[in-house]
Amino acid sequence: MRVLRGLSGIVAGGMFVLALVVVGTAVIAARRDFPGPGGESVTWHIAASVLGVGAQTFSDRHRGLAAFSGSMVVFIVAGLLLWTQWWG
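Another point: unusual backbone geometry. Within the chain, D33 stands out as a residue other than glycine whose phi angle is a positive 55°. Mapped onto the secondary structure, D33 falls in the loop between α1 (2–31) and α2 (39–61).

In structure tokens form, the structure reads like this:
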């Protein structure tokens, strides 16, 4: 179970960093009057990051099925974010 929580922690951290990159790109694009990620994309990334980090925190504080469920939420949220914002 530790390996699963560790892997989901890496994914949650990656979503957080990705949200920072998207927000930074949106700010830089707006300042330079260049098209960048829109408000919808920024919102998706921030929401996914908050949900993923929250689920990972829950997973780290619990054991057994609850920890497994928290890790699965992280993977599902990351998959939905990638599917809707990057591959779709």
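Picking up after the structure, the text goes on.
So, on to a nonpolar patch on the surface. Together, F16, V17, L20, V21 and V53 make up an exposed nonpolar region whose accessible area comes to about 420 Å². At 4 residues, the largest contribution of residues to the nonpolar patch is made by α1.

The next point concerns the nonpolar core. Soluble globular proteins: nonpolar side chains tend toward being buried together. In terms of nonpolar packing, the biggest core is built from 8 residues, these being A12, M15, A48, A55, V74, V77, A78 and L81. Elements represented by at least two residues in this core include exactly α1, α2 and α3 (65–87). With 4 residues, the top contributor of residues to this core is α3. Residues contacting L81, with those up to four places away along its chain left out, are M15, L18, W44, H45, A48 and W86.

So, how was this worked out
Residues numbered from 1 in each chain as written. Predicted model: local features only at pLDDT ≥ 70, side-chain atom pairs only at ≥ 80, totals over all residues. Heavy atoms only, no water. Helix = DSSP H or I, 4+ residues; strand = E, 2+ residues; numbered from the N terminus. Patch = residues over 30% accessible without salt bridge, like charges linked within 9 Å, V, L, I, M, F, W, Y side chains within 5 Å. Areas by Shrake-Rupley, 256 points an atom, 1.4 Å probe, with all protein chains shown as cover. Salt bridge = Lys/Arg side-chain N within 4 Å of Asp/Glu carboxyl O. Core = buried A, V, L, I, M, F, W, Y, C linked by side-chain atoms within 4.5 Å. Buried < 20%, exposed > 50% of the residue type's maximum accessible area, 1.4 Å probe, protein only. Contact = heavy atoms within 4.5 Å.

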